[in-house]
Amino acid sequence: MAILVCGGAGYIGSHTVRQLLAAGEEVIIADNFSTGHRATINSAVKLYECDIRDKDALLKIFAENQIEAVFHFAAYIEAGESVVKPLKYFNNNVYGMQILLEAMTEAGVDKIIFSSSAAVYGEPERIPIDERDATFPVNPYGDSKLIMEIMMRRVSAAHGVRYVSLRYFNASGASEDGSIGEDHHPETHLIPLILQVPLGKRDHITVFGTDYPTPDGTCIRDYVHVLDLADAHVCALNYLRGGGSSDAFNLGSGHGFSVKQIIDAAEKVTGGKIKIELGARRPGDPARLIASGDKARKILNWAPRFDDVEKIIATAWNWHRSHPHGYDD
């Protein structure tokens with residue numbers, strides 16, 4: 001039987017496809033290429049170019065293939081954009097999940113692994129963040145991810161579709177061989193933005209806020225390597241295959257690094273000085289976001305391989321240095 005990866009041409013999806021193939025799984029990709037890249041697609045993988053909001057297309061995939069489980073990466077992810085375009089996020093993310101779950105229940109596919117986010121927590125009540133902590137998103141992106149989790153929980157109760165929701169913290173890094181990596185347009189993630197300075201693509205990196213209640217005044221985040229995220233999806237699949245019940249898990253390193261610390265680490269990796277300009281705080285940026293990943297380690301048997309932020313940045317630098325214009329090179 002095959003694994004259907006929705007959004008399998010995107011950043012985390014493409015790395016997960018490779019991990020599934022390495023584990024001997026049959027993989028089918030569904031992607032509309034609104035943000036994904038054709039260059040990531042392995043020729044051995046069957047591809048359906050379609051949108052998850054197209055129910056007929058999904059039912060066709062389920063009819064033509066024996067699908068055991070669905071991996072869902074096909075959501076919009078930019079929190080800032082979601083504030084000014086909330087309906088775009090509710091349409092693609094929430095309505096897309098509705099159509100996907102409808103198609104799955106009609107086709108009798110009973111396992112889904114969902115790419116969720118730490119954004120479901122909003123402003124954390126404590127650090128590290130535990131899966132039992134309150135969920136109060138502060139933007140439409142976080143709202144959409146939480147609603148999607150609620151939808152899966154209700155459908156699980158009504159129709160027996162078991163799910164694993166993986167709440168990522170800051171995804172980062174690239175494949176170790178430098179063949180695939182992070183390429184967003186526009187780019188909004190910190191590490192690739194920092195690396196654009198030594199690449200000569202920007203003059204400086206702006207640090208938004210230096211007066212947070214942290215040791216150096218800048219925001220602290222938990223960075224987790226994209227390959228560790230991909231491994232977690234394979235662990236989640238094996239968990240559901242073993243009869244595991246529906247649940248949500250944080251995916252993070254459990255260690256926090258400030259913006260200034262990330263810039264310092266990038267300077268060590270790249271061997272050059274990175275110019276900084278200071279900016280005002282951005283609305284909705286919590287001072288600290290650090291995960292407790294103990295639950296995923298214990299229940300999913302997830303064992304992250306990248307526990308050093310310089311190693312994470314080094315893989316990203318390897319990718320960006322060899323692909324300074326992303327997949328357009």
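Structural data are supplied above this passage.
So, here's what we can say about the structure. (Residues numbered from 1 in each chain as written. Predicted model: local features only at pLDDT ≥ 70, side-chain atom pairs only at ≥ 80, totals over all residues. Heavy atoms only, no water.)

### Some thoughts on the pattern of salt bridges
Close approach of charged atoms allows side chains with opposite charge to pair.
No. 1: Counted under the stated rule, the structure contains 22 salt bridges.
No. 2: Residue E25 pairs with R241 through a salt bridge whose shortest N-O separation is 2.7 Å. With E25 in the loop between α1 (11–22) and β2 (26–31) and R241 in helix α7 (residues 226–241), this residue pair connects regions lying 216 residues apart in the sequence.
No. 3: Residue class for E25 comes out buried when judged on its relative accessible area of 15%.
No. 4: Here E267 ties to K273 by a salt bridge, and the two come within 3.7 Å at their closest N and O atoms.
No. 5: Linked by salt bridges that have partners in common, E25, E68, D110, K111 and R241 make up one network. (Salt bridge = Lys/Arg side-chain N within 4 Å of Asp/Glu carboxyl O. Helix = DSSP H or I, 4+ residues; strand = E, 2+ residues; numbered from the N terminus. Buried < 20%, exposed > 50% of the residue type's maximum accessible area, 1.4 Å probe, protein only.)

### A closer look at the pairing of strand β4 (residues 67–72)
Each regular strand shows side chains that alternate between the opposite faces of the sheet.
No. 1: The buried count for β4 comes to six of six residues, which makes it a mostly enclosed element.
No. 2: Where strand β1 (residues 2–6) lies against β4, five bridges are found, and the strand directions are parallel. Looking at the pairing, I3 lines up with A69 of β4.
No. 3: Here three bridges tie β4 to strand β5 (residues 111–117), and the two strands are oriented parallel to one another. Residue pairing across strands places F71 opposite I113, the latter belonging to β5. (Pairing = 2+ DSSP bridges.)

### Comments concerning the environment of G200
No. 1: Secondary-structure assignment places G200 in the loop between α6 (190–195) and β8 (205–208).
No. 2: For the pair formed by G200 and V161, sequence separation is 39 residues and the distance between their alpha carbons is 48 Å.

### As for the side chain of S14
No. 1: Within the element layout of this structure, S14 appears in helix α1.
No. 2: Sequence-distant contacts of S14, defined by excluding residues within four places in its chain, comprise G8, A9, T40 and I180. (Contact = heavy atoms within 4.5 Å.)

### Some points on the side chain of N93
No. 1: Of note, N93 is situated in helix α4 (residues 86–107).
No. 2: Using a relative accessible area of 0% as the deciding quantity, one classes N93 as buried.
No. 3: Those residues in contact with N93 that sit more than four places away from it in its chain are A75, Y76, Y141, S144 and M148.

### A word on the sheet that holds β1
No. 1: Spatial ordering of the open sheet is given by β3-β2-β1-β4-β5-β6-β11, a layout of seven strands whose pairing is parallel. Each having just a single partner strand, β3 (46–49) and β11 (247–251) make up the two edges of the open sheet. Across the sheet, the mean angle from the axis of one strand to that of its neighbour is 20°, orientation sign disregarded.
No. 2: For β1 and β2, the ladder comprises five bridges, and the chain directions are parallel. Across the sheet, the residue bridging to L4 is I28, located in β2.
No. 3: Taken strand by strand, α4 contacts β1, β4 and β5, and its axis lies near 165° from that of β5. (Axes fitted to C-alpha atoms, helices over the stretch in contact; angles between N-to-C directions.)

### Let's talk about α4
No. 1: Compared with the 32 Å implied by 1.5 Å per residue over 22 residues, the 31 Å span of α4 between its first and last C-alpha is a close match.
No. 2: At G96, α4 shows its largest bend, some 25°.
No. 3: Within α4 the residues assigned to the buried category are Y89, N92, N93, V94, G96, M97, I99, L100, L101, A103 and M104.
No. 4: At the C-terminal side of α4, G108 shows a positive phi close to 75°. (Expected span 1.5 Å × (residues − 1). Bend = angle between axes of the 7 residues up to and from the residue.)

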